[in-house]
Amino acid sequence: MSTKLNRRDFVSKSIWGATASMTLPGFLQQTLFNLDARAQSLPSQGGEGPIILLMEMAGGNDTLNTLIPYTNSIYRGARPTIRLGTEHNILKITDKDGPSVTGNNEPLALHPNLSNFKQMWDDGELGIINGVGYPNPNLSHFKSFDYWHSAEPNSIPKDGWVGRYLDNQCDGCGATTGIFINRRPTLAFQSSSVSSPTVTFQNPQFFNWRDRQGLGREKSLEGLYRNLIGLDHGADDGISGDDDTLAYVQRSAHSAMISTESVQQAMDRGGELLNPSWPNNGLANSLKTIAQLIKGQSETSVYYARQGGYDTHNNQILTGDPLTGRHSDLMQTLNGALGAFVDEMKAQGNWERMVILTFSEFGRKVIENGSLGTDHGAAETLFVMGGRVAGNQYYGLYPDLAADARVSRNSMDFNVDFRTVYRSILEKWMGVPASAMPAIFPSPPVDFTPLDIINPL
Amino acid sequence: MLEPLPQEFWSRRTATHLLQRAGFGGTPEEQEAFYQLGKDQRIEGAVDSLLETSEDWSSLSWPEWMQSEVDPNGEAYASQGIRRRDFNEWYFKVLLQGQPLAAKLLKFFIDHFAVDSVTIGQYYRWIGMFRYTETLRKHAAGNLAGEDAPFEGDERLVPPGHYGNFKTLVNHVSWSLGMIRTLDLYRSNRGNVNENFGRELLELFAMGIGSEYSDDPEYTEEDVAVAADAFTGRKFYNFRYYPDENRYTNPAGDRNPPLPPASVWQNRNSQDRSTKGPFYGYATTPNGSPIIDGDDIIDIIFDTDRCAKHLSWKLWRYFASPNPSKELVQALAYKFRDDHDYEIRPFLRDLFLSKEFYEDSVVSTQIKDAGDYFVCLAKQLGVPLPTRDAMEDVMQQLGYEVIFPPSIAGWPEPHGPGNKWLATGAMVFRMNMPSIFTHHNYAVFTSGRTRNSMDEFPEADWSVIAPKELRRKEQFPLLLEQLQKRFMPNRELRKSQVRTLFDHYSSVSEELGELEGVKELVRLILALPEYQTQ
């Protein structure tokens, strides 16, 4: 990939390796007013740096039925009705078994619907990180996601790990450095500094200033808004100093004002996608938007997409057929949408810029419940993929299914802390120096050695 | 703590604040009348007027297709879209037309006890959603009948209680078709337990987790397992199945009262009847009986400090401010549990009378959620609901689709302390949307769609909102004052904002006439960040 930096990049862009050490730490000093001024005076030249796509699987993915230990007798015994085996055309990973906590290598297979995952594994573009979690796992969806988003387990989180990363490493990155395609924001993007340069929207079509069409007043409306929310007053940006609630809304309005234009420009430049065959579902639509922004040379470096529905307490499979039911459908949607996205990235020539990380708030218990489903568990398997990912490799160890982590119906213990995975991506991929880690991860895990998940150039 | 606000502190500001938080605000005339009421009949008189519930509140009927006791899905699944919009319209009619405090409480319950119509399933969706919302609606109206709350179904299932009591409400929720389907209770059997409901009962509905507002011990995974065991064997009948063996004599003396279709029941065979415990340190229920079924678990939960604090904290956040101190939460909790035995309206009365409710850290510190935003807007403009199609479009964009909560934790998903509702996209929509009312600007959400038409959004009466005699340029300060009173009382505008508004008003008035000037002015005021707070 190209690592050339033009002068403007050199001056304004600090996240990309070489210049990182030259910046003052802190998005902190940058006001939205400056951001806006910069956006006005320097129309985006388009990004060429590395990109992360965080792929959130909400609800608690049952990774035991995603990456299946199909010969493991504990797995088979604990899941008499919902287990997947050779008879279900599981996609066996035949070239290597997964190292396990027990010391025995575990023969593993991907869910039969994850054909694109299997292909990427075979092509060396998909790495598998087993046994990921954190100490004292919390089995609440909401707490556990708070921990994953903040990267501060067992605390009352105030901000997100992406927010802290951007605060720290992204002086001058532009107003849309993080984009989440969703209706509601994520804590991961939350910044405790003056402003978080991230945006969240569902449909780019509506992410625009709209006046009655044909009156030609759209521009004047935008100008009025800028004025009314104080965006064109350099000395006094109008943001309330003593009213946190108002200040929050004012910042939202500022951030909306600044980001709509760059998003619209990138969408316009992006135009038609190169991959003609996309599935039609919510996740695919989100990924299409992201693909179009990337094609349109958006400067965004962190994208975030979300697929819900993984809370499979019931009907994870339908009676008698583990290839039907909720989990199977989710796997199919994920596989289809991500597959189309990867094809698009390859066609655009952007696959080498991309790292995708899948994660969920927790895995599920080993023993199935009485409703053809599984209850909340602990450790899970993560997938990391991209053109430069050191794929066809296992990281971490497959958990010991017999180890009883919580009460009577057991879930699994972790052996890789998820914060280490985050760090690996920031350090090995985004080029963030190790010296910045204490600010991004204020409470690091005991073993914080980054994984070598990226192939060296 | 929680001393009553002294009478001399009653002002237009406090009156407006109370009207806003206990309901959805009021027109300038209503604000003034409410202020006078508090002056004439003391603050207690004003607060009590908010607590009164009228009969109207409980008589809004279901759509016709829901009223007969037949399978509301009938033969045609094809009309799901229309039914979805009907339900949405029914809900917002209740909010807009109902008694304000009851409406506000219903909105709280819908969020606190979110059920998901997708999980309820296509066949039971509408009977599940309507009956469930009806239960919440009755609890929101309070103890109107002044007697035991009748339970829609087999009364023997639930312990006696009143509508408007939080503990009774949790009991009714645990016996509702909507919740039994949403959180898998019907599939949780003795020896083959599904923990979904047990966990969320503790975490979301009653006890809460974390130390943000309470230092009481947290429940453990073992407690989750005990709760899940206790709520086993809860089932429901099919639509057309009327079981004879379930007929009985109800407390009113009726023999064989007919049960509504799809009634819930207890399957004793799949219920875990064993003695359980300890649960959260309790070896028995508070009255000494052994811990056996779900009622016993609820008895214990509502005896704990953690539950009293969790519910008080949530109610305070909803009605007052996002970050109450631990001391305040504790004082509220003891009031709620010990003084009022979880009766909601008497507790809210204390809350609305308290000094703390009127502190600067409370007034104007909320961001309107999507429900508040829309209902306030309609009330301020004095317009009825737009058509059901338009309503659905608006709520999709605002992220408040009432039959599809983003998660079982309601709207929005919790994001740690504070209330952070606004996504950037939602902010853009909120700034764009008012022009639908002022300018019929459907471009806001209808690109590529033809469904909406000009008559879907009712026209406001502009002569009321901006009386003609105030529209001359020289009258601008008075006009602006009038509009501020209506649209954002208790908020000041900055000088630069006033100047921009004046310049624009004058130029549009001159070019297109005073009425167009007024509409532009209103549209811009509604797009201000200040408008999003209350």
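Here the structure is a predicted model, which means the values were calculated and not measured. (Residues numbered from 1 in each chain as written. Chains lettered and ligands numbered in written order. Predicted model: local features only at pLDDT ≥ 70, side-chain atom pairs only at ≥ 80, totals over all residues. Heavy atoms only, no water.)

### Comments concerning the overall build of chain B
Now for step 1: Along its length, chain B carries 24 helices and 2 strands.
Now for step 2: Here chain B holds 534 residues, and 66% of them are scored as buried.
Now for step 3: Looking at chain B alone, contacts between residues at least 24 apart form 72% of all its contacts between residues at least 6 apart. (Helix = DSSP H or I, 4+ residues; strand = E, 2+ residues; numbered from the N terminus. Buried < 20%, exposed > 50% of the residue type's maximum accessible area, 1.4 Å probe, protein only. Contact = heavy atoms within 4.5 Å.)

### Section: the interface of chain B and chain A
Now for step 1: Counting residues at the interface gives 71 residues for chain B, matched by 66 residues for chain A.
Now for step 2: Taking both partners together, chain B and chain A bury about 5,800 Å²; carbon and sulfur atoms supply 57% of that area.
Now for step 3: Along the contact surface separating chain B from chain A lie 1 salt bridge.
Now for step 4: We note a salt bridge from E195 of chain B to K365 of chain A, for which the minimum N-O separation is 3.3 Å.
Now for step 5: Joining chain B to chain A, the criterion identifies 20 residue pairs in polar contact (both at pLDDT 80 or more).
Now for step 6: Breaking the side of chain B that touches chain A down by element, the ones donating at least two residues are α11 (196-206), α12 (221-230), α18 (388-398), α19 (424-432), α23 (495-512) and α24 (514-526) of chain B.
Now for step 7: Taken together, the residues of the side of chain B that touches chain A sort by class into 26 nonpolar, 27 polar and 18 charged. (Buried area = accessible area lost by both parts, 1.4 Å probe. Salt bridge = Lys/Arg side-chain N within 4 Å of Asp/Glu carboxyl O. Polar contact = N/O pair within 3.5 Å; in protein donor to acceptor, adjacent residues only side chain to side chain. Nonpolar A, V, L, I, M, F, W, Y, C, P; charged D, E, K, R; others polar.)

### Some remarks on the domain arrangement of chain B
All names here are of chain B.
Now for step 1: Partitioning chain B into domains gives domain 1 (7-52 + 307-358), domain 2 (367-460) and domain 3 (461-534).
Now for step 2: Both sides of the domain 1 and domain 2 interface together cover about 680 Å² of buried area, and 54% of this is carbon and sulfur.
Now for step 3: Seen at the junction of domain 1 and domain 2, the total is 0 salt bridges.
Now for step 4: Tallied by class, residues from the side of domain 1 that touches domain 2 come to 3 nonpolar, 3 polar and 1 charged. (Domains from an automatic or database assignment.)

### What about the pairing of strand β7 (residues 198-201) of chain A?
Residue and element names in this part refer to chain A.
Now for step 1: Residues T198 and T200 of β7 are buried on one face, and the alternating residues V199 and F201, pointing to the opposite face, are buried as well.
Now for step 2: Two strands pair when backbone bridges link them, and strand β6 (residues 178-181) and β7 are joined in this way by 4 bridges, in the parallel orientation. Paired with F180 across the strands is T200, a residue of β7. (Pairing = 2+ DSSP bridges.)

### Let's talk about the pairing of strand β5 (residues 126-133) of chain A
Residues and elements named next belong to chain A.
Now for step 1: Judged by how many residues are buried, β5 sits mostly within the fold: 8 of 8 residues are covered.
Now for step 2: With 5 bridges joining them, β5 and strand β10 (residues 380-385) adopt antiparallel strand pairing. Along β10, the bridge assignment pairs G127 with V384.
Now for step 3: Here β5 runs beside strand β11 (residues 393-395); their pairing, made up of 3 bridges, is parallel. In the sheet register, I128 faces β11, and the bridge partner there is Y394.
Now for step 4: Relative to strand β12 (residues 416-417), β5 is paired through 2 bridges, and the arrangement is parallel. Bridge assignment links G133 to a residue of β12, and that residue is D417.

### Let's talk about the environment of M437 of chain A
Residues and elements named next belong to chain A.
Now for step 1: Tracing the chain through its elements places M437 in helix α12 (residues 437-440).
Now for step 2: A relative accessible area of 2% means that M437 is categorised as buried.
Now for step 3: Residues M437 and T63, spaced 374 residues apart in sequence, show a C-alpha to C-alpha distance of 29 Å.
Now for step 4: Contacts of M437, omitting those with residues within four sequence positions, involve R423, L426, E427, V432 and F448.

### Here's the deal with the pattern of salt bridges
Now for step 1: Applying the stated criterion across every chain yields a total of 38 salt bridges over all chains.
Now for step 2: Here D360 of chain B makes a salt bridge to R13 of chain B, at a shortest N to O gap of 3.4 Å. Pair noted here: D360 of chain B is in the loop between α16 (344-353) and α17 (370-381) and R13 of chain B is in helix α1 (residues 12-21), with a separation of 347 residues, a long-range link.
Now for step 3: In this structure, a network of salt bridges that share partners links the residues K365 of chain A together with E195, R199 and E221 of chain B.

### Considering the side chain of K107 of chain B
All names here are of chain B.
Now for step 1: Within the secondary structure, K107 is located in helix α6 (residues 100-112).
Now for step 2: Assessed through its relative accessible area of 3%, K107 is described here as buried.
Now for step 3: Dropping the residues within four chain positions of it, K107 is found in contact with F24, Y91, L95, Y318, D369, G371, D372 and Y400.

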